[in-house]
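# A closer look at the structure
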Amino acid sequence: MRTEVITVQTGSRPTVRDITAEAERFVSGQGDGLLHVFVPHATAGLAIIETGAGSDDDLLTAPDALLPTDDRWRHRHGSPGHGRDHVLPAFVPPYATLPVVDGRLALGTWQSVCLVDPNGDNPTRQVRFSFLPG
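What counts and what doesn't
- Residues numbered from 1 in each chain as written.
- Predicted model: local features only at pLDDT ≥ 70, side-chain atom pairs only at ≥ 80, totals over all residues.
- Heavy atoms only, no water.
- Pairing = 2+ DSSP bridges.
- Helix = DSSP H or I, 4+ residues; strand = E, 2+ residues; numbered from the N terminus.
- Axes fitted to C-alpha atoms, helices over the stretch in contact; angles between N-to-C directions.
- Buried < 20%, exposed > 50% of the residue type's maximum accessible area, 1.4 Å probe, protein only.
- Arc of directions from axis to C-beta.
- Salt bridge = Lys/Arg side-chain N within 4 Å of Asp/Glu carboxyl O.
- Core = buried A, V, L, I, M, F, W, Y, C linked by side-chain atoms within 4.5 Å.
- Contact = heavy atoms within 4.5 Å.

### Some points on the sheet that holds strand E4 (residues 45–49)
Taken together, 3 strands build an open sheet; the order of strands is E2-E7-E4 and the sheet is antiparallel. Either end of the sheet is taken by a strand with one partner, and the two such strands are strand E2 (15–18) and E4. Ignoring strand direction, the axes of neighbouring strands in this sheet form an average angle of 35°. Bridge analysis of E2 against strand E7 (residues 112–117) gives 4 bridges, and the strand direction is antiparallel. From the neighbouring strand, Arg17 faces E7, where its bridge partner is Leu115.

Pasting the structure below:
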């Protein structure tokens, strides 16, 4: 298995950050296999979605209906409503496994690999790419 950790700057506001190009660079020339992407953070996740047509913004606002950022959360350190950020990975998991064919991600036409970070308190994230050859 080949593995590498990259650092991603997500800023001080909730964000969806497309990391498809970084994932493609990691698997380039690797042949067939599986790419596992993992975010070792308690308040971030990964999504395979279309970006640039509003879906990334929708993904940031959708949890507000289910998981409001108010004072109901027992986990209370950080910004108001931060406890919600710790529940988000149950809905937007911190991992994804993708097929790699001939050294390229086998994504659909409009699919992108995205880091989802609702936590503006932590502007720097790590992402681990691991390639398992076929």
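### Side note on unusual backbone geometry
With phi around 55°, Asp102 is a residue other than glycine that occupies positive phi space. Topologically, Asp102 is positioned in the loop between strand E5 (95–101) and strand E6 (104–105). A relative accessible area of 64% means that Asp102 is categorised as exposed.

### Digging into helix H1 (residues 20–27)
Considered for burial, the residues of H1 that qualify are Thr20, Glu22, Ala23, Phe26 and Val27. For H1, the angular spread of the buried residues around the axis is 160°, confining them to a single face. Positive phi appears at Gly29, one or two residues downstream of H1, with a value of about 80°.

### Looking at the pattern of salt bridges
Applying the stated criterion across every chain, the model contains 2 salt bridges. A salt bridge links Glu22 to Arg17; the nearest nitrogen and oxygen atoms lie 3.3 Å apart. Here Arg125 ties to Asp117 by a salt bridge, and the two come within 2.9 Å at their closest N and O atoms. Look at Arg125 and you get buried, because its relative accessible area is 1%. Under the relative-accessibility criterion, Asp117 is labelled buried at 1%.

### Remarks on the nonpolar core
One finds Ile19, Leu35, Leu105, Val127 and Phe129 to be the most contacted residues of the largest nonpolar core, which totals 19 residues. Contributions of two or more residues to this core are made by strand E1 (2–9), H1, strand E3 (33–38), E5, E7 and strand E8 (124–133). Beyond its immediate chain neighbours, meaning those up to four positions away, Phe129 contacts Arg2, Thr3, Glu4, Ile6, Ile19, Glu22, Ala23, Phe26, Leu35, His36 and Val37.

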